[in-house]
Amino acid sequence: MNFPVQQQPAPGADRIGQGTAVEQSRAVAEVQAAIYVARQFPRDIGRARNSIQSACQSMALAGKAFYRFPRAGGAVEGSTIHLAKTLAQSWGNIQYGVTELRRDDDYRQSEMQAWAWDVENNTRHVLTFIVPHAKFANRKVVQLEDLRDIYENNANNGARRLREAIFATIPDWFIEEAEDLCRQTLNKGDGKPLPERIEGAIQVFAGLGVSADRLEQKLGRKRDQWTGPDIAQLLITHKSIQRREIAIEDEFPQARITAAEIKGKAPTRSGDGAPRPDDPWAGQDVARPGSAA
């Protein structure tokens with residue numbers, strides 16, 4: 001008589017090593033200690049507001065507090081990760097971070113996680129997402145091969161999700177107050193007179209190959225009519241260009257010359273071919289536009 005053979009479980013499959021057990025115990029103790037300390041020393045709303053007011057009055061923060069990038073024929077603006085981290089530090093009792101959970105070189109993607117945890121209220125916001133090892137450039141998807149490019153791409157995507165996680169754990173009124181303070185700082189500038197700030201903005205963009213005429217076209221006003229908010233908008237745009245969030249050609253397109261303007265600049269001639277009296281080039285020993293030299 002044959003009896004069925006009983007399969008024994010693989011030895012050691014459920015065994016937890018000493019190092020793993022110690023790490024699990026340490027993680028649990030760390031969480032408990034963080035919650036205990038946060039509740040023993042709760043955040044002071046007044047101190048948090050004073051801290052963020054002091055930080056947002058600095059041009060060092062206000063200058064990089066906002067981003068801008070094109071989308072669907074328009075532009076999207078918002079607060080950067082720099083402002084989000086400053087808000088978390090001022091609000092207090094918040095932990096946050098970004099983790100690469102897994103990298104798959106065969107499928108050219110990384111699985112990542114961004115999280116923010118309000119230790120005092122014990123509320124946690126977690127975002128798990130996939131980052132392809134590719135970027136969109138010149139209207140096409142380009143695969144990333146260099147390890148540094150992959151790292152920077154993961155870091156940029158992680159920073160955006162981390163910003164959203166932090167904002168999800170902080171009250172909206174606190175965020176809006178900080179944004180208003182940063183905009184006020186940008187409008188006031190760093191104490192320089194407005195004409196000096198205008199000239200400085202023109203020189204900065206000239207270094208990027210953007211002329212003052214293109215700036216005037218963007219703002220819709222001549223330079224002598226620019227205001228503090230106009231300079232603030234240009235500053236945000238300049239920072240976004242430096243961070244490669246937008247392209248110069250998208251933000252400051254070259255002015256197009258219409259057919260009417262070309263005809264209006266063409267020299268006028270009488271029926272016999274002689275220049276008319278109203279021809280601005282009449283009597284000048286130079287080649288007229290459009291004519292052979």
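Quantities reported herein were computed from a predicted structural model and do not represent experimental measurements. (Residues numbered from 1 in each chain as written. Predicted model: local features only at pLDDT ≥ 70, side-chain atom pairs only at ≥ 80, totals over all residues. Heavy atoms only, no water.)

(A) Seen up close, the packing of aromatic side chains. Counted according to the given criterion, the structure contains 3 aromatic pairs. Ring geometry for Trp91 and Trp173: centres 6.1 Å apart, planes at 75°, overall edge-to-face. Taken together, the positions of Trp91 in helix 4 (residues 81-91) and Trp173 in helix 6 (residues 172-188) put the pair 82 residues apart, joining distant regions of the chain. For Trp91, a relative accessible area of 6% translates into the label buried. Of the aromatic side chains, those joined through ring pairs into one cluster are Trp91, Trp173 and Phe174. (Phe/Tyr/Trp six-rings, centres within 6.5 Å; stacked < 30°, edge-to-face > 60°. Helix = DSSP H or I, 4+ residues; strand = E, 2+ residues; numbered from the N terminus. Buried < 20%, exposed > 50% of the residue type's maximum accessible area, 1.4 Å probe, protein only.)

(B) The pattern of salt bridges, seen in detail. Scanning all chains against the criterion turns up 12 salt bridges. Here Glu152 ties to Arg148 by a salt bridge, and the two come within 3.3 Å at their closest N and O atoms. One end of the pair, Glu152, and the other, Arg148, are both in helix 5 (residues 147-169), 4 residues apart, so they sit about a helical turn from each other. Overall, Glu152 belongs to the partly exposed group, its relative accessible area being 35%. For Arg148, a relative accessible area of 57% translates into the label exposed. A single salt-bridge network, built from bridges that share partners, covers Arg43, Asp118 and Glu120. (Salt bridge = Lys/Arg side-chain N within 4 Å of Asp/Glu carboxyl O.)

(C) Broad picture of the environment of Leu235. If you trace the backbone, Leu235 turns up in helix 9 (residues 228-242). Of the residues examined, Leu235 reaches a relative accessible area of 23% and is grouped as partly exposed. Each C-alpha atom of the pair Leu235 and Gly63 lies 7.0 Å from the other, and the pair is 172 residues apart in sequence. Ignoring sequence-local partners within four residues, the contact set of Leu235 consists of Met59, Gly63 and Leu186. (Contact = heavy atoms within 4.5 Å.)

(D) Up close: unusual backbone geometry. Positive phi outside glycine occurs at Asn93, with the angle close to 55°. Here Asn93 shows up in the loop between helix 4 and strand 3 (94-104).

(E) Broad picture of the nonpolar core. Counting residues in each nonpolar core, the largest one holds 33 residues, and the members touching the most others are Cys56, Leu83, Leu87, Ile166, Ile170, Phe174 and Cys182. Each residue touching Cys182, except ones within four places of it in the same chain, is listed here: Cys56, Ala62, Ala65, Phe66 and Leu83. Counting 15 residues, the second-largest nonpolar core is a separate cluster that includes Ile202, Phe205, Trp226 and Ile231. (Core = buried A, V, L, I, M, F, W, Y, C linked by side-chain atoms within 4.5 Å.)

(F) Layout of the sheet that holds strand 3. Strand order in this open sheet of 3 strands is 3-4-5, and the pairing throughout is antiparallel. Two strands close off the open sheet at either side, each with one partner strand: strand 3 and strand 5 (123-132). Sheet twist, expressed as the mean angle between neighbouring strand axes with direction ignored, is 15°. As paired strands, strand 4 (residues 109-118) and strand 5 are joined by 10 bridges and run antiparallel to one another. Bridged to Gln113 within strand 5 is Thr128. Sheet strands in contact with helix 4 are strand 3 and strand 4, and its direction is about 135° off that of strand 3. Strands strand 3, strand 4 and strand 5 of the sheet are contacted by helix 5, whose axis makes an angle of about 155° with strand 5. (Pairing = 2+ DSSP bridges. Axes fitted to C-alpha atoms, helices over the stretch in contact; angles between N-to-C directions.)

(G) Representation of the state of the cysteines. A full pass over the atoms with the stated rule returns 0 disulfides. The thiol of Cys56 is not disulfide-bonded; the next cysteine sulfur, from Cys182, is found 3.4 Å away. (Disulfide = S-S within 2.5 Å.)

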